Amino acid sequence: MEAAGTVSAPWADCLRAFVYDEAWQMRLAELYYKRAYEALADDPAQDWALYGDAGYRYACMMSQRGDVEGSLAVATAILARAEGNSDFPAIQEASLLQLLAGCQVHQDLQDEARLSYLKAYSIMEEAYGREGSHTFSKLIMCLNTSSFFLGTGDYDEAAAWLARCEEALHTYEQQGDSALTEEYRGHLALSRAALLQATGHAAEAAAVYDAIPARR
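Residues numbered from 1 in each chain as written. Predicted model: local features only at pLDDT ≥ 70, side-chain atom pairs only at ≥ 80, totals over all residues. Heavy atoms only, no water.

**Digging into the confidence of the model for the protein chain**
Applied cut-off: The predictor's confidence in any single residue is recorded as pLDDT, a number from 0 to 100. Contacts are residue-level and defined by heavy atoms, with any inter-residue pair within 4.5 Å sufficient.
Of the residues in the protein chain, 94% reach a pLDDT of 70 or more, and the chain-wide mean stands at 91. Residue range residues 1-5 is modelled with pLDDT below 50. Its contacts to residues more than four positions away, or to other chains, number 5 contacts.

**Structural notes on the environment of K34**
Let me state the cut-off plainly: Each helix is a run of H or I in the DSSP string that is no shorter than four residues. Each strand is a run of E no shorter than two, and both are numbered from the N terminus.
Topologically, K34 is positioned in helix α2 (residues 26-41). Distance in space between the C-alpha atoms of K34 and E182 is 34 Å, their sequence separation being 148 residues.

**Examining the layout of surface pockets**
Test applied: Points on a 1 Å grid, built from protein atoms alone, make a cavity when a 1.4 Å probe fits but cannot get out and make a pocket when they are open with protein on both sides within 12 Å along at least 5 of 7 lines; residues with an atom within 4 Å of a point are the lining residues. Grid points are joined across faces, edges and corners, and a volume is the space filled by probe spheres set on the points. Just so you know the grouping, Ala, Val, Leu, Ile, Met, Phe, Trp, Tyr, Cys and Pro go in nonpolar, Asp, Glu, Lys and Arg go in charged, and all remaining residues, Gly too, go in polar.
In this structure, the largest pocket spans a volume of roughly 790 Å³. Contributing to the lining of the largest pocket are 23 residues, with Y56, R57, C60, S95 and I140 lying nearest its centre. Where the lining of the largest pocket is concerned, the elements lending two or more residues are α1 (9-22), α3 (48-64), α5 (90-106) and α7 (135-152). Ranked by residue count, the leading element in the lining of the largest pocket is α3, at 8 residues. Considering only residue class, the lining of the largest pocket consists of 10 nonpolar, 9 polar and 4 charged.

**Comments concerning the pattern of salt bridges**
This is how the line gets drawn: A pair is scored as a salt bridge if a Lys or Arg side-chain nitrogen falls within 4 Å of a carboxyl oxygen belonging to Asp or Glu. Each residue is placed in one exposure class: buried if its accessible area under a 1.4 Å probe, protein chains only, is under 20% of its type's maximum, exposed if it is over 50%, and partly exposed if it falls in between.
Tallying each qualifying case throughout the model produces 10 salt bridges. Among the ionic pairs, K34 bridges to E38, the shortest N-O distance being 3.1 Å. Of this pair, K34 and E38 both sit in helix α2, separated by 4 residues, roughly a single helical turn. Of the charged contacts, one joins E125 and K138 as a salt bridge, the two residues approaching to 3.5 Å between their closest N and O atoms. Of this pair, E125 sits in helix α6 (residues 110-128) while K138 sits in helix α7; the two residues are 13 residues apart in sequence, bridging distant segments of the chain. Overall, the relative accessible area of 36% leaves E125 in the partly exposed class. Each of D13, R16 and R35 takes part in one network of salt bridges that share partners.

**Focus on the side chain of S71**
By the element assignment, S71 lies in helix α4 (residues 68-82). According to the relative accessible area criterion, S71 is buried, its value standing at 0%. Beyond its immediate stretch of four places on either side in the chain, S71 contacts A59, C60, M62, S63, L99 and C103.

Pasting the structure below:
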């Protein structure tokens, strides 16, 4: 929450966290994301967007260092408040569901993870599908969902989500956002090669893999 040119304490903590995050000072970044999140936890209506963003980033930090239960607890708590809340940004709800799904996979809750992945994309499509915004976020969601189905052996679903990835990447490139286009073209090629390998097309998989440009 900002007023008359001032910055709230949670905003200041989140800005500090961004700086530490960019500098790969992960412990300090996590500390300040946590402070920003907890400062708003009793009354998130002060700033729903900041509450969701700080909480999501804090939960991601915990997940990355192996605290899956802690990450799951924070994501679940925020999502309980996001459900049916028109003031909570859809992009953050969908991102939290993706994070939740990753935690559920780690805990071998495959059915729950599947529902979380599908719900995340459904929220994105309902909120932003017509306006074509958040294309990069949709690309990441499709890639994660495709990887999930590949891991469960549901290759038809994996292929369908990989096709959505390719559509999103094409749209992202048309929008002029080219900075990450080449990188994610490589990620998609790796996923395509993995899918081909898993479905018994070893020669085709090798050809796709060999065609990926070497990163400099």
